[in-house]
Amino acid sequence: MKPIPFFAIALALAALAPVAQAQDAVLNLYSARHYPSDEALYSGFTKATGIRIQRVDSDDAGILSRLRAEGAASPADVVLLVDAARLWRAEVDGLFRPVKSKVLESAVPAQLRAKTSDEGTPWFGFSTRARVIVYDKASVKKEDVDTYEELADPKNKGKLCIRSGSHPYNLSLFGAMVEHMGPEKTEEWLKGMVGNMARSPKGGDTDQIKGVASGECAIAVTNTYYLARLMRSTNPEEKAVAERVGVVFPNQATWGTHVNVAGGGVAKNSKNTANAIRFLEYLASPEAQNHFANGNNEWPVVPGLKLDNPALKAMTGGSFKSELINISAVGMNQIKVQQMLDRVGFK
Ligand code: FE
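Residues numbered from 1 in each chain as written. Predicted model: local features only at pLDDT ≥ 70, side-chain atom pairs only at ≥ 80, totals over all residues. Heavy atoms only, no water.

A word on the domain arrangement of the chain
Put simply, the test is: Residue ranges for the domains originate in an automatic or database domain assignment. Contact definition: two residues touch when any of their heavy atoms are within 4.5 Å. Buried area is understood as the total, over both parts, of accessible area removed when two parts are fitted together, assessed with a 1.4 Å probe. In the sections that follow, a salt bridge refers to a side-chain nitrogen of Lys or Arg positioned within 4 Å of a carboxyl oxygen of Asp or Glu. Pairs of N or O atoms are called polar contacts if they sit within 3.5 Å, as long as, within protein, a hydrogen donor faces a hydrogen acceptor (for residues adjacent in sequence, only side-chain-to-side-chain pairs). Each helix is a run of DSSP H or I of at least 4 residues and each strand a run of E of at least 2, with the numbering of both proceeding from the N terminus.
Taken as a whole, the chain is organised into domain 1 (6-127 + 261-305) and domain 2 (128-258 + 322-344). For domain 1 and domain 2, the distance between their C-alpha centres works out to 30 Å. Counting residues at the interface gives 24 residues for domain 1 and 23 residues for domain 2. Its largest share of buried area at the contact with domain 2, domain 1 owes to Trp-88, Asn-297 and Trp-299, together 30% of the area lost on that side. For the pair domain 1 and domain 2, the interface holds 1 salt bridge. Across the pair Arg-129 and Glu-298 runs a salt bridge whose closest N-O atoms are separated by 2.8 Å. Inspection of the domain 1/domain 2 interface yields 8 residue pairs in polar contact (both at pLDDT 80 or more). Taken together, the elements giving at least two residues each to the side of domain 1 that touches domain 2 come down to α4 (84-92) and β9 (259-267).

Considering the environment of Ser-106
As for its position among the elements, Ser-106 is in helix α5 (residues 102-107). With 196 residues separating them along the chain, Ser-106 and Val-302 place their C-alpha atoms 8.9 Å apart.

Description of the pairing of strand β3 (residues 78-82)
Defined as follows: For the exposure calls, accessible area comes from a 1.4 Å probe over protein chains only, and a residue counts as buried if that area is under 20% of its type's maximum, exposed if over 50%, partly exposed in between. Being paired, for any two strands, means DSSP has found at least two bridges between them.
The element β3 is largely enclosed, with a buried count of 5 among its 5 residues. Covered by surrounding structure in β3 are Val-78, Leu-80 and Val-82 together with Val-79 and Leu-81, the residues of both alternating faces. In this sheet, β9 lies alongside β3 in antiparallel orientation, the contact comprising 5 bridges. Each bridged residue has a counterpart across the sheet, and for Val-78 the counterpart in β9 is Val-266.

Looking at the packing of aromatic side chains
Two aromatic rings, taken as a pair, are described by how far apart their centres are and by the angle between their planes. The following threshold applies: A pair of Phe, Tyr and Trp rings is counted when the ring centres sit within 6.5 Å of each other, with Trp represented by its six-membered ring. The angle between the planes then sorts it: under 30 degrees is stacked, over 60 is edge-to-face, the rest tilted.
Summed over all chains, the structure comprises 11 aromatic pairs. These aromatic residues form a ring-pair network of at least three members: Tyr-42, Phe-45, Phe-279 and Tyr-282.

So, in structure tokens, the structure goes:
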């Protein structure tokens, strides 16, 4: 057998190398984050690591059903979802691969991630949003809406606008109320809210804020970033909407305002867990955490970072008291809550 010349081996290796490298340098991200400002987040990761992100964007339900359909063949490395109820669902369905990361465990507070077992942690929260009450400054007194309980008080009859009770943002808020008040009181409260509605639930959170500004409702429930987006808008009509409404962070005198997470974890069948963990660790970095706050008007999960967002500052006056319950318990309550909604006719 003739010996293979060295240069031939070198050539063959050189031809192979870029392929191997290209495969290593791609991260398949399945993301349900529906925020255009997140582009900066992904390009920041590529810049820092050289790893290109290949993204599948869909809503949460779309991503979950795609992962289930793809099964073991799924190319997904990282799954990002918004809302504790959905993260919990994905965890229960076994769609995450628990990971062990000192970086993530020290950066993300324990109550803002899934429970850690011997295998690791299935998912981590990377940003938070508060679920607050907005009201018509002209007709509603702040004192009449400064607790979640008052949304169901007969004094607020015919005033309330809220999106569908089955939407995960509400399932999580209602699941948190079960933790605070117990199931009986929560069901009574839901029934009271149905009795106070100005209209049957429809639209998203922004539509509820607009409903208050237009006078169709006097009180509404929204996630903070939707209001912040209107406050920071360059569109005069949107700015005017924000100016008409007051905002209250409920339950400051008791258990604190309900706070939800957006987060994610490594996909169960990831072929590239090292890069997947690297991406999650990047999301906990000061650069990415700062993006969540200033790009998408959320709060960082990593404590101690300086917040430089005029809308969030204006809303809270600096800081607010958030509830202290384990966010994974909130997800767990959603089935119970959905049954209550059906019983009280909360659409
Ligand atoms: Fe949202």
